[in-house]
Amino acid sequence: MIIDTRELQNNTKFDADICIIGSGAAGITIAKTLGNSHLKIIMLESGGLESNTEVQDLAKGEISARQYFDLDVSRLRYFGGSTNHWGGRCLPLREDDFEDRPWIPHSGWPFSFKQLKSYYERAHNIIGLGSYNYDIKAFSESKGLPLFPFGDGPIKSILTRTHPLRFGKAYRQEIKDSKTITTLLNAHVLKLETNEDASSVTGVDVGTLSGNSLSVKARSYIVACGGIENPRLLLLSNQVKEKGLGNDYDQVGRYFMEHLLYSGGLMVISDINADYRIYADYIKSEGIDIQSTLAFDPEYLKKMQLPNLYFELQSQRGYGFTEGMHSVKDFVSSAKKIEWPDNLVDQVANIAKDLDLIIDGVADSVLGESIIHDNAPLAFRLYAFGEQVPNPNSRVTLGNNKDSFGLPVTNLAWNTTDEDIQGIHKSFEVLASEVGRTGIGRVKIMLEKGDTPPLASLSGGQHHMGTTRMSIDPKQGVVDSNCQVHGVDNLFIAGSSVFPTSGFANPTLTIVALALKLADYLKERVS
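Residues numbered from 1 in each chain as written. Predicted model: local features only at pLDDT ≥ 70, side-chain atom pairs only at ≥ 80, totals over all residues. Heavy atoms only, no water.

**Re the packing of aromatic side chains**
Here comes step 1: Tallied over the entire structure, the rule returns 22 aromatic pairs.
Here comes step 2: Relative to Phe499, the ring of Trp109 lies with its centre 5.5 Å away and its plane at 45°, an arrangement referred to as tilted. Residue Trp109 is found in the loop between β5 (89-90) and α3 (113-127), and its partner Phe499 is found in the loop between β20 (491-493) and α13 (508-526); the two are separated by 390 residues along the sequence. Assigned by exposure class, Trp109 and Phe499 land together as buried.
Here comes step 3: With a centroid separation of 6.0 Å and 15° between ring planes, the pair formed by Phe296 and Tyr300 is classed as stacked. Taken individually, Phe296 and Tyr300 each receive the classification buried, so the pair is uniform in this respect. (Phe/Tyr/Trp six-rings, centres within 6.5 Å; stacked < 30°, edge-to-face > 60°. Helix = DSSP H or I, 4+ residues; strand = E, 2+ residues; numbered from the N terminus. Buried < 20%, exposed > 50% of the residue type's maximum accessible area, 1.4 Å probe, protein only.)

**Section: the pairing of strand β14 (residues 309-316)**
Regular strands have side chains that alternate between both faces of the sheet.
Here comes step 1: Of all eight residues in β14, six are buried, a share of seventy percent or more.
Here comes step 2: Where strand β13 (residues 288-296) meets β14, two bridges bridge the pair, whose relative direction is antiparallel. Each residue of the ladder has a partner; that of Ala295, found in β14, is Tyr310.
Here comes step 3: As paired strands, β14 and strand β15 (residues 379-387) are joined by eight bridges and run antiparallel to one another. Looking at β15, one finds that Ser315 is bridged to Phe380. (Pairing = 2+ DSSP bridges.)

**Let's talk about the pattern of salt bridges**
Close approach of charged atoms lets side chains of opposite charge pair.
Here comes step 1: Counting across every chain of the model gives 22 salt bridges.
Here comes step 2: As a salt-bridge pair, Asp275 and Arg277 come within 2.8 Å of each other at their nearest N and O atoms.
Here comes step 3: With a closest N to O distance of 3.1 Å, Lys284 and Asp289 form a salt bridge.
Here comes step 4: Its relative accessible area of 15% is what places Asp289 among the buried residues.
Here comes step 5: One continuous salt-bridge network, built from bridges that share partners, spans Arg75, Arg77, Glu229, Arg232 and Asp403. (Salt bridge = Lys/Arg side-chain N within 4 Å of Asp/Glu carboxyl O.)

**Structural notes on the nonpolar core**
Here comes step 1: Leu44, Leu192, Val204 and Leu491 are the most contacted members of the largest nonpolar core, which totals 91 residues.
Here comes step 2: The dominant element in this core, judged by the number of residues it contributes, is α13, at 11 residues.
Here comes step 3: For Leu491, the contacting residues outside a window of four places in its chain are Leu192, Val201, Tyr221, Val223, Leu234, Leu245, Cys483, Gln484 and Val485.
Here comes step 4: Counting residues in hydrophobic clusters, the runner-up holds 49 residues, among them Tyr68, Ile269, Tyr276 and Leu294. (Core = buried A, V, L, I, M, F, W, Y, C linked by side-chain atoms within 4.5 Å. Contact = heavy atoms within 4.5 Å.)

**Observations regarding the environment of Tyr120**
Here comes step 1: Relative to the assigned elements, Tyr120 resides in helix α3.
Here comes step 2: Through-space distance from the C-alpha of Tyr120 to that of Leu91 is 9.3 Å; in sequence the pair is 29 residues apart.
Here comes step 3: When residues no more than four places from it in sequence are discounted, the contact partners of Tyr120 are Pro92, Leu93, Phe98, Phe113, Tyr132, Leu509, Thr510 and Ala513.
Here comes step 4: Separated by 2.7 Å, the side chains of Tyr120 and Thr510 make a polar contact. (Polar contact = N/O pair within 3.5 Å; in protein donor to acceptor, adjacent residues only side chain to side chain.)

**What about unusual backbone geometry?**
Here comes step 1: Phi at Glu286 is positive, roughly 55°, even though this residue is not glycine.
Here comes step 2: Among the structural elements, Glu286 can be located in the loop between β12 (283-285) and β13.

**Notes on the pairing of strand β3 (residues 41-44)**
Here comes step 1: Burial along β3 is two-sided: Ile41 and Met43 and Ile42 and Leu44, pointing in opposite directions, are all buried.
Here comes step 2: Pairing of strand β2 (residues 12-21) with β3 involves four bridges; the strand directions are parallel. The partner of Ile21 across the bridge, within β3, is Leu44.
Here comes step 3: One ladder, built from four bridges, connects β3 with strand β7 (residues 181-185); its direction is parallel. Note on β7: the bridge partner recorded for Ile41 is Ile181.

**A short note on the sheet that holds strand β17 (residues 408-413)**
Here comes step 1: Within the open sheet, the three strands sit side by side as β4-β17-β16. Their pairing is mixed. In the strand order of this sheet, the two ends are held by β4 (61-63) and β16 (395-402), each with one partner. Across the sheet, the mean angle separating the axes of adjacent strands is 35° when strand polarity is ignored.
Here comes step 2: Sheet topology note: the β16/β17 ladder contains five bridges and is antiparallel. Bridge pairing in β17 links Leu398 to Thr410.
Here comes step 3: Its contacts with the sheet put helix α7 (residues 229-236) on β16 and β17, and the angle it makes with β16 is roughly 65°. (Axes fitted to C-alpha atoms, helices over the stretch in contact; angles between N-to-C directions.)

**Observations concerning α13**
Here comes step 1: The end-to-end C-alpha separation of α13 is 26 Å, in line with the 27 Å expected for 19 residues at 1.5 Å each.
Here comes step 2: Within α13, 14 of the 19 residues are buried, which leaves it mostly tucked inside the rest of the structure. (Expected span 1.5 Å × (residues − 1).)

Structure below.
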C-alpha cells in the first residue's frame, strides 16, 4: 500500500512492527525482504513518486571545508532515493577491505568478507546483476578480448558489473501490492522520540510541507536516509541527550568518506593493432554491462602501505594520435592567423589518409560512439578512484541555516589527509612504471602542483560513507556489527554511513548486502 500523507487527517497515528525511514536501495531492500514475513512494516519517504523541487530543496546544506557538490544535487528525495540517478556500477569490497590494516588508521570491520559473501550473492538478484562471478580472466577469454599483460606485477585487471536499476520503479508495484508494507509518501521525519534515558526509541515525528503532522510507533526503527541525512537525523533527535542519539562519544557524523576521483594521466598504447576495448567499452553479458578496470594486488598495498584504489580508463580513440589529426590542428591554428599551414600538400594528404579516424574520433567525443568503424582505443584517460582514509575531522554536523521546517540543515566538512594525496600520487607513479616495464605503452602523468588544497580538482563519486560507522567499541563508532545503534536497543542504521572503510568498490552492492543481513537479523529478533 502506498499513501500520500498530505491527504491524511492531521495527527494521524500509525503502529507497526518495524518502521523504515527512507526508500532508497537500503530501505526498499529491507522492506521487500521483510514483506514476505508476517511483520507489519511502515516505510517513510520524504518525497513522492517523482521529483519535486520544494521537497528536493530540503536536501540543501552547507559546505565548510574542501569544495564539494551542492548537497541537493548529490542525493535525491523521492521514492527510490538516489538510485533514481546512480550510474549502476557494482563490485564487492575485497577481503582486505574488511581487515585491520595497520597503515590505514581506524580500519577494520567487525566481521569478515566471508560472513558477507552470501548476502552479496543475494544482492545480485535484488539489483539484477546476473551471476555472482567476478573472474575477469575467464570473461575476457570467453569474449576473445585480451587483457593488459601485467603478469605477476602489482597491477591486476578486475571486473565490474553495471546495471543502474531504478529501485523505485522496479519495485513500486510489489511495494504497492504488499499486504504487510505501508509506504507513506511526502512524510518528512523531523525527529525520533525516545524514553527518558534515550535507551529506546518510542516514536517518529513526521511533518508534511502542507502542514499536516503524524506519528509512527514501532517495535524497531531503521534509519536508511543516506550517509548525510542519517547522522543529521540522529543529531536532530536531541530532546533527551544534547549531543543527539547514539552520540555519547561524539562519533555521529565523523569519518565522512568519499571515493576520491581524480583525472591525472594519459596512457598511450604501443601496439596500434592491440584491442583493449574491454577497459573502455561496456561488453554486454546476461543483459548487463561488463567492463574491466585496473587495481592493485592486496599484498603490494600491504608492502607499500597504500590505501586501496582502482583506475577507470576512458577511451581516447586513435584520432588524437594520428598525423591527420595533427594536420587538422595545424589548419585550425593557421586559420586563426589567416594564413595557410606549412607543407600544405602533405597536411591535406595526412587528413585524407586518416579521415575515417578523424570522423570517428569527433563522433566518439560528441556522440560517445564511432560511426564509421569500431576501432579499438589507442589511448586511455586515467581516472583514479581511490579509498579515502577514515578521518574523524571529515564530518557532518548541524549547520546554521534552517530548512522549511525550521530545522538546522547539514553542514559538511569534507577533509582529506596527506595519506589520501600521497596514495594517489604513488598509484599513478606505479602504474606508469608498470605500463612501461611490460611494454604496453607509456603513461603521461598530469598531477596538479600546489597545496591549497592539494590536487585541487580532486572530486568525489557522490558516495557518502562512514558517518555512522560500525565498531564493536562505542567509543570508535555508532553502530555494532548488527547495525544497531550503541546504547539504543531498538534503533538500527542501514546504508553506506555504517561503512568503517570505503575500499574502492562503488557502495550500492555492499549497501544492499548489508540491508539483507540486517533484514534477516530483524526478522529473527522481532519474531
